[in-house]
Amino acid sequence: MITFLFGRNRPPPRRRSIENPATPLSDPDDCLVEAWGGGLASSGVAVNSKTALSYAPVWRAVNLISSYVAKIPLVLYKRIGTGKDRDLDHPAYHLLKHKPNLQQTFFQFRLVQQARVLLRGNAYAYIFRASNGDPLEILPLDPASTYPVKEDGKLTYVTKILGEERKLLAENVLHIQGLGDGLQGHSVVGYAKESLGLGMAAGRYGSVFFKNSARPSAVLEH
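If you're wondering where the values come from, they're calculated on a predicted model, not measured in any experiment.

Draft legend 1. The packing of helix 2 (residues 56-71) against helix 4 (residues 106-120), seen in detail. Contact geometry of helix 2 with helix 4 gives a least axis separation of 8 Å together with a crossing angle of 135 degrees. By the angle between their directions, the pair helix 2 and helix 4 is classed as oblique. Considering the relative orientation of helix 2 and helix 4, their crossing is right-handed. Between helix 2 and helix 4, the residues in contact are Val 58, Val 62, Ile 65, Ser 66, Ser 67, Val 69, Ala 70 and Lys 71 and Phe 107, Arg 110, Leu 111, Gln 114, Ala 115, Leu 118 and Leu 119, respectively. Tallied by class, residues from the contact of helix 2 with helix 4 come to 10 nonpolar, 3 polar and 2 charged.

Here you go:
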């Protein structure tokens, strides 16, 4: 996992820890369940976004979709009368086409973000800006510790950096979400936990069965 600090190796100003009032501990969000080690399916297999990738059909689907989406060109345009043209002078042009941050190419960035949307339902990135508001870098945030909060009609985001929670303005967060409630995408792994757990358990059972040369480890006497 790639971990970034806001800005160029500089942490943001320290803030007091905050909590999401929409997430009671008695009924935690999927992201918190995964942060606490994931959930157990009825088959007894722990299913979360990491263990699900060990299941070949999940890996194949996520890798295939993410790779194709990451290949799609993303070009910034400007309107010219009734037409359009590439806006080569826009400060976000290079970020969206070539290199969003110092550690990743845009292909790598989109590959990881799309995979997070497919598995967790959400992908987040922090837009680091210059003093005049121009974007300088787009830094991915860990979706396991990032979530939106809407209070008094105002949307903000909470993330955890170096073990401390920080509140971010919505205009500085790129949030890509899958199917959800409009505020946050649903965790695909969380909703498909039982079916994924069944498939993973069947694969493990088959591996152990063939390890014993397909011989049962019990003897029946009549």
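Draft legend 2. Summary view of a nonpolar patch on the surface. Together, Leu 64, Ile 65 and Tyr 68 make up a nonpolar patch on the protein surface, roughly 300 Å² of accessible area in all. Along the polypeptide, Leu 64 turns up in helix 2.

Draft legend 3. A look at the confidence of the model for the chain. Taken as a whole, the chain shows an average pLDDT of 77; of its residues, 76% reach a score of 70 or greater. Per-element confidence in the chain ranges from a low mean pLDDT of 48 for helix 1 (residues 30-35) to a high of 92 for strand 5 (residues 122-129). Contacts from residues 7-38, a stretch scored under 50 in pLDDT, to residues over four places away or in other chains number 55 contacts.

Draft legend 4. Region of interest: the nonpolar core. One finds Val 45, Val 47, Ala 52, Val 58, Val 62, Ala 115, Leu 119, Val 189, Leu 196 and Met 200 forming the largest nonpolar core, which totals 10 residues. Put simply, the parts of the chain that give this core at least two residues each are helix 2, helix 4 and helix 6 (193-211). Counting 8 residues, the second-largest nonpolar core is a separate cluster that includes Tyr 126, Phe 128, Leu 139 and Leu 168.

Draft legend 5. Representation of the sheet that holds strand 9 (residues 164-169). The 3 strands lie next to each other as 7-8-9, forming an open sheet whose pairing is antiparallel. On the outer flanks of this sheet lie strand 7 (147-151) and strand 9, each paired with one strand and no other. Pairwise comparison of adjacent strand axes, ignoring direction, gives a mean angle of 35 degrees for this sheet. By the bridge criterion, 6 bridges tie strand 8 (residues 154-161) to strand 9 in an arrangement that is antiparallel. Note that in strand 9 the partner of Thr 156 across the bridge is Leu 169.

Draft legend 6. Summary view of the packing of aromatic side chains. The tally for this structure, following the rule as stated, stands at 2 aromatic pairs. Where Phe 106 meets Phe 109, the ring centres are 5.9 Å apart and the plane angle is 25 degrees; that geometry is what we call stacked. With a gap of 3 residues between them, Phe 106 and Phe 109 both fall in helix 4, about one helical turn apart. Here Phe 106 matches Phe 109 in class, with each residue buried. Ring centres of Tyr 124 and Tyr 157 lie 5.9 Å apart, and the angle between their planes is 65 degrees; this geometry places the pair in the edge-to-face category. Residue Tyr 124 is found in strand 5, and its partner Tyr 157 is found in strand 8; the two are separated by 33 residues along the sequence.

Draft legend 7. Region of interest: the environment of Leu 168. With respect to the helices and strands, the residue Leu 168 is situated in strand 9. For the pair Leu 168 and Tyr 126, spaced 42 residues apart in sequence, the C-alpha to C-alpha distance is 8.5 Å.

Procedures and definitions
- Residues numbered from 1 in each chain as written.
- Predicted model: local features only at pLDDT ≥ 70, side-chain atom pairs only at ≥ 80, totals over all residues.
- Heavy atoms only, no water.
- Axes fitted to C-alpha atoms, helices over the stretch in contact; angles between N-to-C directions.
- Helix = DSSP H or I, 4+ residues; strand = E, 2+ residues; numbered from the N terminus.
- Parallel < 35°, antiparallel > 145°, perpendicular 65-115°, else oblique.
- Left-handed = near helix turned anticlockwise from the far one by under 90°.
- Contact = heavy atoms within 4.5 Å.
- Nonpolar A, V, L, I, M, F, W, Y, C, P; charged D, E, K, R; others polar.
- Patch = residues over 30% accessible without salt bridge, like charges linked within 9 Å, V, L, I, M, F, W, Y side chains within 5 Å.
- Areas by Shrake-Rupley, 256 points an atom, 1.4 Å probe, with all protein chains shown as cover.
- Salt bridge = Lys/Arg side-chain N within 4 Å of Asp/Glu carboxyl O.
- pLDDT = per-residue confidence, 0-100.
- Core = buried A, V, L, I, M, F, W, Y, C linked by side-chain atoms within 4.5 Å.
- Buried < 20%, exposed > 50% of the residue type's maximum accessible area, 1.4 Å probe, protein only.
- Pairing = 2+ DSSP bridges.
- Phe/Tyr/Trp six-rings, centres within 6.5 Å; stacked < 30°, edge-to-face > 60°.

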